[in-house]
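Residues per chain, in single letters:
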Amino acid sequence: MTAEPVVRGGVRRDVDPRLLRAFVAVAEELHFTRAAARLYVAQQALSRDVRRLERELGTQLFARTTRQVTLTADGERLLPHVRRVLAAQDDLADAVAGPARPLLVDVNSPGLVFGSVLARARELAPECELMARFESGLTGAAAEMAAGRLDVSFGRFAGLGPELRAGLCQQPVRYEPMAVLLPTGHPLAELAEVPLDALAGETVYAGAGNPRTPEWTDLARRLFEGRGIGIAPPAPLAVGVEEFERVMAKSRNPVLAVVDFPAMPGAELRPLTDPVPLSPVSLVWRKGLIHPGITALRTAAVALAAEEGWLEMPANAWVPAADSLIMMSRA
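The structure displayed is predicted, hence computed values, not measured ones.

Novice: Now, about the packing of aromatic side chains: what can you tell me, with residues and values included?
Specialist: One pass over the structure, following the stated rule, counts 3 aromatic pairs. Each ring, one from phenylalanine 32 and one from phenylalanine 62, has its centre 6.2 Å from the other, and the planes form 70°; the classification is edge-to-face. Within this pair, whereas phenylalanine 32 is found in helix 2 (residues 32-39), its partner phenylalanine 62 is found in strand 3 (residues 62-64), the two being separated by 30 residues in sequence. As far as the burial class goes, phenylalanine 32 and phenylalanine 62 line up, both buried. Ring centres 4.8 Å apart and planes at 10° place the aromatic pair phenylalanine 114 and phenylalanine 154 in the stacked group. Here phenylalanine 154 lies in strand 7 (residues 152-155) and phenylalanine 114 lies in helix 5 (residues 114-124), a separation of 40 residues in the sequence. Ring pairs connect the aromatic residues Phe23, Phe32 and Phe62, which therefore count as one cluster.

Novice: I'd like a description of the side chain of serine 282, backed by residues and values.
Specialist: With respect to the helices and strands, serine 282 occurs in strand 14 (residues 276-286). Classification of serine 282 by relative accessible area gives buried; the value is 1%. Among the polar contacts listed, one links the side chain of serine 282 to the side chain of glutamine 170, at a separation of 2.6 Å. Each residue touching serine 282, except ones within four places of it in the same chain, is listed here: Ser153, Phe154, Gly155, Phe157, Gln170, Gln171, Pro172, Val173 and Met327.

Novice: Provide a residue-level description of unusual backbone geometry, including the pertinent values.
Specialist: The peptide bond linking aspartate 274 to proline 275 adopts the cis configuration, its omega dihedral lying at 0°. Residue placement: proline 275 occurs in the loop between strand 13 (267-273) and strand 14. Unlike most non-glycine residues, leucine 30 shows phi in positive territory, near 50°. Along the polypeptide, leucine 30 turns up in the loop between helix 1 (17-29) and helix 2. Leucine 30 sits in the partly exposed class, given a relative accessible area of 38%. The phi dihedral of aspartate 274 falls on the positive side, at around 55°, and the residue is not glycine. Topologically, aspartate 274 is positioned in the loop between strand 13 and strand 14. Look at aspartate 274 and you get partly exposed, because its relative accessible area is 49%.

Novice: Mind laying out the pattern of salt bridges, listing which residues take part and the relevant values?
Specialist: Considering all chains together, one arrives at 24 salt bridges under this definition. The residue aspartate 260 makes a salt bridge to arginine 174 at a minimum N-O spacing of 2.5 Å. With aspartate 260 in the loop between strand 12 (255-258) and strand 13 and arginine 174 in strand 8 (residues 168-183), this pair connects stretches of sequence that are 86 residues apart. Of the charged contacts in the structure, one is a salt bridge between aspartate 197 and arginine 227, with a shortest N-O distance of 3.4 Å. One end of the pair, aspartate 197, is in the loop between strand 9 (194-195) and strand 10 (203-204); the other, arginine 227, is in the loop between helix 8 (214-224) and strand 11 (230-231), and 30 residues separate them in sequence.

Novice: So what about the environment of tryptophan 310? Which residues, and what values?
Specialist: Examined against the element boundaries, tryptophan 310 turns out to sit in the loop between helix 10 (292-308) and strand 15 (317-318). The exposure class of tryptophan 310 is buried, given its relative accessible area of 8%. For the pair tryptophan 310 and valine 281, spaced 29 residues apart in sequence, the C-alpha to C-alpha distance is 9.7 Å. Not counting residues within four places of it along the chain, the set of residues in contact with tryptophan 310 comprises Val113, Ser116, Val117, Val173, Arg174, Tyr175, Leu304 and Ala305.

Novice: Describe the nonpolar core, with residues and values.
Specialist: Ranked by internal contacts, the top residues of the largest apolar core, which has 48 residues, are Val117, Phe154, Leu256 and Leu297. Sorting the residues of this core by element identifies strand 5 (103-106), helix 5, strand 7, strand 8, helix 8, strand 12, strand 14 and helix 10 as the ones contributing at least two each. By residue number, the principal contributor to this core is helix 10, which donates 7 residues. Setting aside residues up to four positions removed in sequence, leucine 256 forms contacts with Met178, Ala179, Val204, Tyr205, Ala206, Trp216, Ala220, Leu223, Phe224 and Leu272.

Calculation rules
- Within each chain, residue numbers correspond to sequence positions counted from 1 in written order.
- Local features are withheld for residues below a pLDDT of 70 in this predicted model, meaning they are given only at 70 or higher, and side-chain atom pairs are given and counted only at 80 or more; totals for whole chains, interfaces and linings count all residues.
- For side-chain calculations, the full set of non-hydrogen atoms in the structure is used, while hydrogens and water are omitted.
- We call Phe, Tyr and Trp rings a pair once their centres come within 6.5 Å, taking the six-membered ring for Trp, and we label the pair stacked below 30 degrees between planes, edge-to-face above 60, and tilted otherwise.
- Elements are defined by DSSP. Helices are runs of H or I of four residues or more, strands are runs of E of two residues or more, and each kind is numbered from the N terminus.
- The rule is simple: take the accessible area with a 1.4 Å probe, protein chains only, and divide by the maximum for that residue type; under 20% is buried, over 50% is exposed, in between is partly exposed.
- Residues adjacent in sequence count toward polar contacts only when both atoms are side-chain atoms; beyond that, a polar contact is any pair of N or O atoms within 3.5 Å, and within protein one must be able to donate a hydrogen and the other to accept it.
- Contact definition: two residues touch when any of their heavy atoms are within 4.5 Å.
- Think of a salt bridge as a Lys or Arg side-chain nitrogen and an Asp or Glu carboxyl oxygen that are within 4 Å of each other.
- What is meant by a nonpolar core is a set of buried Ala, Val, Leu, Ile, Met, Phe, Trp, Tyr and Cys residues, joined one to another through side-chain atoms within 4.5 Å.

None of this, on its own, says anything about what the molecule does.
Right under this line is the structure:
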C-alpha cells in the first residue's frame, strides 16, 4: 500500500518544493512573465504551479488583474515561512553534498603530458582541489580506483583485463609516440631517430615483472613480435633518478619509453620510427564517480588534444587493433 500524504488542517504536509519556488519567484517579481524567465520555465507552466499550490494550501496567494499581480493577505503572511522552508532545503542539500572533496589524480611521472592536462583542469576549476600523485602503471591504478583509494589515472585502457575495465570509464587523450632510452655510448644513440628494426638482437626493458604495468609489457610484446627484439627479464624496480641511472648503467639494456619521457642522466632518448609506434593513452576514472574535477579534466583533455593534435596519427603509425577500437570510443 502507498502511504497517503499527511494532512493537517486541510493542508498537505508534502508540498512540492518546485511549487514553493514558483510562489516566491512570482511574489518577488509580481509579474508572471518575468518570474517564468527567472525560473527557465514556460509562463503557462508557472501559472499552473501557482494554482496547484493555492489548491493545496487552500487559499488564494495572489490577486490578479490584466494590469498587475499583487500578494493577498495570506500570500504576504505565508511568504516568509516559505522562504525559510526553501532556505532549510538548500542547507540540507549543501550538508549532504558538501564541498567537493579533493580529487586524487595519478599522472604517472613528473614531466609527462598528463601533467599538462591536470594543469589545464586546475585553471578551468580553480575551486577544486586536484591532487597529483606520481606513480606508474594503469593496472595498479585501476585496482586502487576500484578500491576507492584513487580517483583518476592515465594509461593504456585496452591493456586492462575485462573485469577491471567493467568498473571504469575512459576518454581517449593521446596517441603518444614511443621512444627508446639508450645508455650513453650505445651505438644507436648516435642516431637522431631509431628505426624499429635496428633494435633486432637487442634485449629491451619494458617493465616485465612489474605488477603495476603489465599493460605496458603487453604493448611491447605486440610491438616486438616477429622483429627479433627481446624483452628483458624481470628486474628490481628502480625508484628515483639515481637508482634508475645505476641499474641502467649496470644492465646496459635499452628501455622502451615515450618521447616525453623525462631526461635521465647517462641515457639518450631517441624516437622510434619505421613504423612510428604509438602508445594509446586514455583518461580513466571510476565508473559512477561524479565530481566537478572529472568534468574539468575531461574538458581539458579535449581542448589540449585539439590544440596539440594528440589524437592525430602519422601515416606510418603502428597501434594494436584492439587499442584502435577503444580509442575510437568514448566514456
